[in-house]
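# Structural characterization, general
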Amino acid sequence: MAEVNLSSEQLNKLKAAMAKANVQMAQPAAAQPAAPQKAAADGAEAEASVAVETKKPPVEVNLAEGTYLRVDEDEMAAWLYLAPPEEGQTYTKRELETYLEQNGVIRGYHSSNLSAMIKKKVYDREILVARGAEVKPGTDGWFEYLFAPEEHCGPKVNEDGSVDYSSMSALQNVHKGDKVAIYHYAVQGENGYTVLGGEMKAAPVRDLPPMRGKGITRENGIYYAQSDGKIEVKDGKIDIQNVHEIMGDVDAIIGKIEFFGDVIINGNVEGGIVIRAGRNIEIHGTTGAASLFAGGDVMLSRGIQGGGKISARGNVYAEFIENTTVEAGGLVQSNVILNAKVSAKDKVVTTGKRGAIIGGYTHALKSIEVMTAGNDVELKTVLHCGYEPESFDKLLEARRKETEIKERLSKLVDSMTEALREKRMRGANASKNTEASLVEWNRLKDEYFAELDKVGKEREELETTMEEGRESYIKVDGNIYRNVVIGINAEQMTLDRNTCYMKYSADKGVIESTVIVHS
């Protein structure tokens, strides 16, 4: 018969397989305990150990009769039942490891439990001696959005339990340079194994392709906004737009719109709606008692009525303005202004078929130009241009405060100078009171300078306003009705009769009127 040469690894595997088969055939049913105990003495089994991979020289195994090894059906744990040795004999840890190897258990040894069984003589019960390793699954690559990709934000619940539906918003905004998404790369899993040496492969993972979209840029897996605007996710793509356009009406279901760019509404806007835009607001339908705040212009194709408010850094254009408060950083232009409170830092101009201002209070820093002022029922209508009457008093107060602060600051500097001179002369002998005073005076000095800067800016703004208002005028290129109040800067007069085609200006504290002549 030909001689067969086996490698040491092949020989070990053959021995392990034969030993496992012999144990399973030889173990008597009675030797199996009815309810195996899985806890090692004094907590020795609580600590897991890494499989012993280092090959050790085999030793002769001489374990008492009744010793057996049980492997769970899923081959993920092995349990050793160790019978007491004969009198005068002892076991070694290496004997137990060899016994495990001979019975096919070759990985995941519980080293601490094996040591405890020898040291504390743990006999006549099953002890965990090997445990396999479960597969640790990996994770596919994924995108983390730094904003909520849902379409709508829900209403706010107040502390008293009521619900503020006006707090709902359909918009989410970002600034240029904001982080909007982070890509997390795929993480590979870890393979598992059984105590008998079987391998369990972790499922493969995959990375996603780079995100596509508009208005974003990518740097090392981080996505940034390239501009201010509305952000949303469509089919897994980020889209940032500078214009938010609504094709229908805006009602209480939407409640509030806040957007960094332009807001365009092609329908109507109900009362109670709040719209804030970083740039312009355009409404092509009717507007109820809404609140509109724009960083640019406000354009209302069909006007506003019902007690709303408009605040714009730029201009306000409206077909009509009725019972509404308007504040504009530029001009206000409308066909009819009715019972409204209007203020513009540039001009108020009425154009169109009527071009009228009827009732209310209208103010412009530079000029008011209308076709008709007041009406035939003599509704009180106030037209005022130039600086407000109280501005002069505010300017005087600002100048007085500025002078007072400068005087206090001058006295404080004198006191600090004297104290510093004394400190230099006395050196280390300077009194503690002097040191404390210098600290307090230095704090006061900073406060005075901050207050002086604030008052100075206020004074400069008032002076600029008054200077711009010196050449202001009111021009009525049509009818002016009785009971219209004409105000220019601090001067004011009420018309006691109807007239027409007049221009009003102020000269040396007196309102002068001239007739408009069309050549």
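Here, the structure is the one placed above.
Residues numbered from 1 in each chain as written. Predicted model: local features only at pLDDT ≥ 70, side-chain atom pairs only at ≥ 80, totals over all residues. Heavy atoms only, no water.

## Some points on the overall build of the protein
For the record, the criterion: Secondary structure elements follow DSSP: runs of H or I of four or more residues count as helices, runs of E of two or more count as strands, with numbering from the N terminus. Categorising residues by exposure relies on relative accessible area from a 1.4 Å probe, with only protein chains included: less than 20% of the type maximum marks a residue as buried, more than 50% marks it as exposed, and the intermediate range marks it as partly exposed. Only heavy atoms enter the contact rule, under which two residues are in contact if any of them lie within 4.5 Å.
The helix and strand inventory of the protein stands at 5 helices and 38 strands. Counting across all 519 residues of the protein, residues that qualify as buried make up 38%. Expressed as a percentage of contacts within the protein between residues at least 6 apart in sequence, the contacts between residues at least 24 apart total 43%.

## Points about helix α2 (residues 93–102)
Counting buried residues along α2, 7 of its 10 residues qualify, which places the element largely inside the surrounding structure. For α2, every residue scored as buried is listed here: Arg94, Glu95, Leu96, Glu97, Thr98, Tyr99 and Leu100. On its buried face, α2 sits against β1 (68–71), β2 (77–81), α3 (111–119) and β3 (126–131). Gly104 sits one or two residues past α2 and shows a positive phi near 90°.

## Concerning unusual backbone geometry
Even without being glycine, Glu378 reaches a positive phi, approximately 60°. Topologically, Glu378 is positioned in the loop between β32 (372–373) and β33 (381–385). Phi angles above zero are rare outside glycine, and Asn489 is one such case at about 55°. For Asn489, a relative accessible area of 7% puts it in the buried group.

## Thoughts on the sheet that holds strand β12 (residues 216–219)
The condition is simple: By the convention used here, strands pair only if DSSP detects at least 2 bridges between them. Inter-axis angles, ranging from 0 to 180 degrees, are taken between N-to-C directions of lines fitted to C-alpha atoms, where helices are fitted over the stretch in contact.
An order of β4-β8-β13-β12 is seen for the 4 strands of this open sheet, with the pairing classed as antiparallel. At either end of the open sheet lies a strand with only one pairing partner, and these are β4 (142–145) and β12. Strand-to-strand twist across the sheet, computed as the mean angle between neighbouring axes with direction ignored, equals 25°.

## Things to note about the packing of helix α4 (residues 389–426) against helix α5 (residues 432–468)
In plain terms, the rule: An angle below 35 degrees is read as roughly parallel, one above 145 as roughly antiparallel, one from 65 to 115 as roughly perpendicular, and any other as oblique. Each crossing gets its hand from how the near helix is turned against the far one by less than a right angle, where anticlockwise is left-handed and clockwise is right-handed. Put simply, Ala, Val, Leu, Ile, Met, Phe, Trp, Tyr, Cys and Pro go in the nonpolar bin, Asp, Glu, Lys and Arg in the charged bin, and everything else, Gly too, in the polar bin.
Where α4 meets α5, the axes come as close as 8 Å, and the angle between the chain directions of the two elements is 155°. One way to sum up the angle between α4 and α5 is to call them roughly antiparallel. Regarding α4 and α5, the two cross each other, and that crossing is left-handed. A per-class count over the contact of α4 with α5 returns 18 nonpolar, 5 polar and 13 charged.

## Details of the pattern of salt bridges
Applicable threshold: Salt bridges are defined as contacts in which a side-chain nitrogen from Lys or Arg sits within 4 Å of a carboxyl oxygen from Asp or Glu.
The final tally for this structure, using the stated rule, is 22 salt bridges. Arg279 is paired through a salt bridge with Asp262; the nearest N and O atoms lie 3.6 Å apart. Highlighted residues: Arg279 in the loop between β19 (274–277) and β20 (281–283) and Asp262 in strand β18 (residues 262–265), separated in sequence by 17 residues. On the basis of relative accessibility, which here comes to 42%, the residue Arg279 falls in the partly exposed class. A relative accessible area of 12% means that Asp262 is categorised as buried. Its salt-bridge partner being Glu378, residue Arg482 comes within 2.8 Å of it at the nearest N-O pair. Here Arg482, found in the loop between β34 (473–480) and β35 (484–488), pairs with Glu378, found in the loop between β32 and β33; they are 104 residues apart in sequence, far enough to count as distant. Where salt bridges share partners, they join Arg399, Glu402, Arg459, Glu460 and Glu463 into one cluster.

## Here we look at a nonpolar patch on the surface
Note the threshold: Each patch is built from residues that are more than 30% exposed by relative accessible area and take part in no salt bridge. Like charges join if they lie within 9 Å; nonpolar side chains (Val, Leu, Ile, Met, Phe, Trp, Tyr) join within 5 Å. Surface accessibility in these figures is a Shrake-Rupley result with a 1.4 Å probe; residues are shielded only by whichever protein chains are displayed.
A cluster of nonpolar residues, Tyr501, Val515 and Val517, forms a patch on the protein surface that exposes about 320 Å² of accessible area. With respect to the helices, strands and loops of the structure, Tyr501 is situated in strand β37 (residues 499–507).

## Here we look at the sheet that holds β3
Read across the sheet, 3 strands follow the order β1-β2-β3 without closing on themselves; strand pairing throughout is antiparallel. Here the strands that pair on one side only, and so sit at the sheet edges, are β1 and β3. Pairs of neighbouring strands in the sheet enclose a mean axial angle of 30°, with direction left out of account. Strand direction decides the pairing type here: β1 and β2, joined by 4 bridges, are antiparallel. Note on β2: the bridge partner recorded for Tyr68 is Tyr81. Running over the sheet, α2 touches β1, β2 and β3 and is turned about 55° from β1.

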